[in-house]
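Chain by chain, the residues:
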Amino acid sequence: MLRDPATDVMEKAYARWAPIYDVLCGPVFLNGRRAAASAARDVGGLILEIGVGTGLSFDDYDASTEITGIDMSEPMIARARERLASGRYPHVKELAVMDAHNMRFPDATFDCVVGQFVITLVEDPERVLSECARVVKPGGQIILVNHLYSERGLAAAVERLLAQKARKLGLRPEFPFARLAAWAESHGGAELIERRKVKPFGVYTLVRFRRGERQRAAA
Ligand SMILES: C[S@@+](CC[C@H](N)C(=O)[O-])C[C@H]1O[C@@H](n2cnc3c(N)ncnc32)[C@H](O)[C@@H]1O
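Here's what I pulled together on the structure shown here. (Residues numbered from 1 in each chain as written. Predicted model: local features only at pLDDT ≥ 70, side-chain atom pairs only at ≥ 80, totals over all residues. Heavy atoms only, no water.)

### Section: the site of the ligand
Phase 1 of the analysis: As a matter of local geometry, the ligand sits amid 19 residues, with Tyr21, Gly51, Asp71, Ala100 and Gln116 nearest to it.
Phase 2 of the analysis: Asp99 is positioned such that a nitrogen or oxygen atom in its side chain is 2.9 Å from a nitrogen atom of the ligand.
Phase 3 of the analysis: Measuring from a nitrogen atom of the ligand, one finds a backbone N or O atom of Ala100 at 2.9 Å.
Phase 4 of the analysis: Relative to its unbound accessible surface of 590 Å², the ligand loses 99% to contact with the protein. (Near = heavy atom within 4 Å. Polar contact = N/O pair within 3.5 Å; in protein donor to acceptor, adjacent residues only side chain to side chain. Areas by Shrake-Rupley, 256 points an atom, 1.4 Å probe, with all protein chains shown as cover.)

Right, dumping it as structure tokens:
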């Protein structure tokens with residue numbers, strides 16, 4: 001298994017992706033994005049999207065939600081701001097350049113934290129998950145959607161083969177679900193409540209955690 005991706009490598013990759021992201025990745029991630037946003041709408045209220053990118057998900061939320069989006073990439077957030085300037089998304093309240101490893105939000109701010117195609121790309125996924133658990137309210141949810149490592153068979157072999165080159169492109173095909181489950185186990189303040197393949201192709205996995213009513217002091 002390769003090391004987790006360095007933040008500066010991802011920053012460079014997404015500076016290159018920003019101008020063409022919507023055309024190339026918009027349709028590819030569509031089902032995953034919609035599934036995660038639909039699960040988040042079921043929670044409703046104040047929603048934080050980490051790694052919000054160019055804001056492709058804005059269309060998937062409605063007035064039952066209030067969206068805050070953060071991304072560490074200036075060029076990606078600049079595209080999201082252009083999208084917001086259309087005036088079509090009054091439910092999007094704030095966009096900020098911010099690293100999900102160190103968020104500037106107080107504890108227990110949001111009803112739900114959503115990460116669409118981002119947790120596999122961060123330098124320290126466990127720390128980002130713990131930050132998500134910190135900023136979500138007791139009883140709130142963390143909802144992730146991603147392609148996760150196949151672990152066995154031909155698909156897993158191909159994903160391992162592609163892993164090195166994929167990093168430079170800002171992608172990561174070999175991140176196992178077991179790591180997410182292990183984080184919840186060791187954190188102690190978040191319970192895994194759902195893991196399911198997203199229809200119709202089952203390429204992406206949706207994972208939901210619920211934050212416990214009482215959180216441990218440190219994770
Ligand atoms: C594959 S894109 C997904 C964008 C968007 N969520 C979507 O589904 O279209 C991954 C995004 O995560 C952002 N990202 C990567 N590491 C991050 C970090 N540590 N903190 C915040 N954003 C990060 C990247 O800049 C990029 O915009």
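### What to know about the packing of aromatic side chains
Phase 1 of the analysis: All told, the structure shown has 8 aromatic pairs when counted by the stated rule.
Phase 2 of the analysis: Judged by centre distance (4.9 Å) and plane angle (75°), the rings of Phe117 and Tyr204 are edge-to-face. Taken as a pair, Phe117 in the loop between β4 (110-116) and α5 (125-135) and Tyr204 in the loop between β6 (190-197) and β7 (205-211) lie far apart in primary sequence, 87 residues in all. By the burial criterion, Phe117 is buried, and Tyr204 matches it.
Phase 3 of the analysis: Each residue in the set Tyr14, Trp17 and Tyr21 is aromatic and connected to the rest through ring pairs, giving one cluster. (Phe/Tyr/Trp six-rings, centres within 6.5 Å; stacked < 30°, edge-to-face > 60°. Helix = DSSP H or I, 4+ residues; strand = E, 2+ residues; numbered from the N terminus. Buried < 20%, exposed > 50% of the residue type's maximum accessible area, 1.4 Å probe, protein only.)

### Let's talk about the environment of Cys132
Phase 1 of the analysis: Within the secondary structure layout, Cys132 lies in helix α5.
Phase 2 of the analysis: Looking at Cys132, the relative accessible area reads 1%, which means it is buried.
Phase 3 of the analysis: Along the sequence, Cys132 and Met10 sit 122 residues apart, while their C-alpha atoms lie 20 Å from each other.
Phase 4 of the analysis: Ignoring any residue separated from it by four or fewer positions in sequence, one finds Cys132 in contact with Ile50, Met103, Val113 and Ile142. (Contact = heavy atoms within 4.5 Å.)

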